[in-house]
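Results of the structural survey
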Amino acid sequence: MGKTYERIDGRLRSFIEAQPVFFTATAPLSGDGTINLSPKGLTGSFAVVDEHTVAYLDFAGSNAETVAHLRENGRITLMWCAFQGPPNIVRVHGRGEPVFRDDPRWAELLGHFPGIDPTPHGLRAIIVVTAELVRDTCGYGVPFMSYDEDRDLHARRFAREDDASLSEYFTKKEHIARSIDGLPGLPLPLPPSTV
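The shown structure was predicted, so the numbers you read here are calculated from the model rather than taken from an experiment.

Conventions we followed
Residues numbered from 1 in each chain as written. Predicted model: local features only at pLDDT ≥ 70, side-chain atom pairs only at ≥ 80, totals over all residues. Heavy atoms only, no water. Helix = DSSP H or I, 4+ residues; strand = E, 2+ residues; numbered from the N terminus. Pairing = 2+ DSSP bridges. Buried < 20%, exposed > 50% of the residue type's maximum accessible area, 1.4 Å probe, protein only. Polar contact = N/O pair within 3.5 Å; in protein donor to acceptor, adjacent residues only side chain to side chain. Contact = heavy atoms within 4.5 Å. Phe/Tyr/Trp six-rings, centres within 6.5 Å; stacked < 30°, edge-to-face > 60°. Core = buried A, V, L, I, M, F, W, Y, C linked by side-chain atoms within 4.5 Å.

**Some points on unusual backbone geometry**
A cis amide bond, omega -5°, links Leu188 with the succeeding residue Pro189. Inspection of the secondary structure assignment puts Pro189 in the segment after α5 (163-172).

See below:
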């Protein structure tokens, strides 16, 4: 039932771009390290960069496990599943990299996200993923659920922060500069934006 694809295009691209939520999974190299699984999905925060590359905006939050794992080993899996329409699950297994605000690629990458204003969300990195394996499988076990709208809580919470106060917020959090397993996470204070 499952198929493997050489690129992210056509029907596959249309499917993942239409989903209002996706999930990211990462893990440290240590066999007893903490596996991380996170939901993502503010409208406009995901982009297909080309047939082998996707990216998403990494906003302010309570930890930085994905960033830490990618800095250590680069392994990541992204997953989309159809909660409406025909059943389908798509996974992109690949190598990811957090691109921080002082990276020369920052402005160009940010141009892939015209449908969202990242300012009120405390944008801290852009996660770029190069696909190594792209597969879809049936989603027969995934329930039907309806999408109503994005929550506005994230923007309302972080819109009142500037770079200095956001860095201060991150410094107070236990698992931002270091992951749960002690890996380097987000560089603090936040690097200045190149935009």
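There's plenty left to go through after this.
**Some points on the pairing of strand β4 (residues 46-50)**
Regular strands have side chains that alternate between both faces of the sheet. Note: β4 against strand β5 (residues 53-58), 4 bridges, orientation antiparallel. Note on β5: the bridge partner recorded for Phe46 is Tyr56. The antiparallel hairpin formed by β4 and β5 contains 2 residues in its connecting segment.

**Considering the side chain of Ser45**
Mapped onto the elements, Ser45 comes out in the loop between β3 (36-40) and β4. On the basis of relative accessible area, Ser45 is assigned to the buried category, the value being 5%. A distance of 2.6 Å separates a polar atom in the side chain of Ser45 from the backbone oxygen of Leu42. Residues in contact with Ser45, not counting those within four places in the same chain, are Ala55, Tyr56, Leu57, Phe59, Phe113 and Ile116.

**A look at the environment of Ser193**
Here Ser193 lies in the segment after α5. By relative accessible area, which is 33% here, Ser193 ends up partly exposed. With 30 residues separating them in the primary sequence, Ser193 and Asp163 have C-alpha atoms 9.3 Å apart. Those residues in contact with Ser193, other than ones at most four positions away along the chain, are Arg101 and Trp106.

**So, the packing of aromatic side chains**
Inspection of the entire model under this criterion finds 6 aromatic pairs. The interplanar angle of 70° and the centroid separation of 5.5 Å between the aromatic rings of Phe22 and Tyr56 together place this pair among those described as edge-to-face. You can see Phe22 sitting in strand β2 (residues 22-26) and its partner Tyr56 sitting in strand β5, a full 34 residues away along the chain. The same class applies to Phe22 and to Tyr56, which are both buried.

**Describing helix α2 (residues 65-72)**
The buried count for α2 comes to 6 of 8 residues, which makes it a mostly enclosed element. Along α2, the residues that are buried comprise Glu65, Thr66, Val67, Ala68, His69 and Leu70. For α2, the secondary structure elements touched by its buried residues are β2, β3, β5, β6 (75-81), β7 (89-100) and β8 (125-137). A positive phi of about 80° marks Gly74, the residue just after α2.

**So, the nonpolar core**
Ranked by internal contacts, the top residues of the largest apolar core, which has 33 residues, are Ile8, Ile16, Phe46, Leu78, Trp80, Val92 and Phe170. Among the elements that line this core, the one with the most residues is β8, at 5 residues. When near neighbours in sequence (up to four residues on either side) are disregarded, Leu78 contacts Phe22, Phe23, Thr24, Val54, Tyr56, Val90, Arg91, Val92 and Val129. Core analysis: the second largest hydrophobic core is formed by 13 residues, Ala47, Leu57, Trp106 and Leu110 among them.

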